[in-house]
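Chain residues, written in single-letter form:
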Amino acid sequence: MVAERRRSRQVVGMEEISRVLVEGGPTTEVLDRALGLLSERFGYQHVSIYMADDGLLQMGAQRGYEHPIATFDGSAGVIGRAMRTHRLQFVPDVSQDPDYISVFGAVGSEICAPLMIDGGFIGILNVESADRLDRIDRDLVASLADRIATVVALGRDRQALAEREATFRSLHEFTRSISGTLEVDRL
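From a predicted model like this one, the values you see are computed outputs, not experimental measurements.

### Re the overall build of the chain
Each helix and strand in the chain was counted, giving four helices and six strands. Secondary structure elements of the chain occur, N-terminal to C-terminal, as α-α-β-β-β-α-β-β-β-α. When the 187 residues of the chain are sorted by exposure, 39% land in the buried category. The contacts of the chain with a sequence gap of at least 6 include a subset with a gap of at least 24, amounting to 51%. With an accessible surface of roughly 11,000 Å², the chain has 52% of that area assigned to carbon and sulfur atoms.

### Things to note about a nonpolar patch on the surface
There is a patch of nonpolar side chains on the surface, built from Phe168, Leu171, Phe174 and Ile178 and spanning about 410 Å² of accessible area. Counting through the fold element by element, Phe174 comes out in helix H4 (residues 135-179). By relative accessible area, which is 49% here, Phe174 ends up partly exposed.

### Section: the side chain of Ser109
Relative to the elements of secondary structure, Ser109 occurs in strand S5 (residues 109-117). Of note is the side chain of Ser109, whose polar atom sits 2.4 Å from the backbone oxygen of Pro92. Discounting residues that sit within four places of it in the chain, Ser109 has contacts with Val91, Pro92, Asp93, Val94, Val127, Glu128, Ser129, Asp131, Arg132 and Leu133.

### A closer look at the sheet that holds strand S2 (residues 56-63)
The strands that make up a sheet pair up through hydrogen bonds in the backbone, lying either parallel or antiparallel. Taken together, six strands build an open sheet; the order of strands is S3-S2-S1-S6-S5-S4 and the sheet is antiparallel. With one partner strand each, in any of the chains shown, strand S3 (71-72) and strand S4 (89-91) form the two edges of the open sheet. In this structure, strand S1 (residues 46-53) lies alongside S2, joined through seven bridges in antiparallel fashion. Paired with Val47 across the bridge in S2 is Arg63. Against the sheet, helix H2 (residues 28-42) contacts S1, S2 and strand S6 (120-129), and its axis sits at roughly 55 degrees relative to S2.

Reading the values: rules and limits
Residues numbered from 1 in each chain as written. Predicted model: local features only at pLDDT ≥ 70, side-chain atom pairs only at ≥ 80, totals over all residues. Heavy atoms only, no water. Helix = DSSP H or I, 4+ residues; strand = E, 2+ residues; numbered from the N terminus. Buried < 20%, exposed > 50% of the residue type's maximum accessible area, 1.4 Å probe, protein only. Contact = heavy atoms within 4.5 Å. Areas by Shrake-Rupley, 256 points an atom, 1.4 Å probe, with all protein chains shown as cover. Patch = residues over 30% accessible without salt bridge, like charges linked within 9 Å, V, L, I, M, F, W, Y side chains within 5 Å. Salt bridge = Lys/Arg side-chain N within 4 Å of Asp/Glu carboxyl O. Polar contact = N/O pair within 3.5 Å; in protein donor to acceptor, adjacent residues only side chain to side chain. Pairing = 2+ DSSP bridges. Axes fitted to C-alpha atoms, helices over the stretch in contact; angles between N-to-C directions.

Next up, the structure:
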């Protein structure tokens, strides 16, 4: 019964986070708001989203870190391993993982989920907790990573379409101006 209640709270929390992401798009403010909900609803003390940018991960948003790491190059840490392998990293006990790098001393577990779209790596959702994280947490973080990746991809597609629209609008205005006169000097 306890597990069912937990699962029910997770579904409600996930839907709330999904609504925030879909309604707001992939802006820094929306990602921060989604992480706030993730932290509040599920009790995760340290959460962060990093976005891929020219071979590096850049901080997109975070909650709970006093001095977060701004960029990762993928060469070290659990986040680096997830970045290199593009596979979810579930570390129930960080003291047993040789790749774990401590940023906050009280962390006991970590889940690091890559954000993937059509086989392309676009970022990382990372959750660290003093409490032991379990398979239910792992599955929740993996699902949220999929949703975040989808929203980011849709946002990028919208931006690309808006840029194409602006180009075509400019081209249309240019051709209309050109075809509106036959004066060589004015052309």
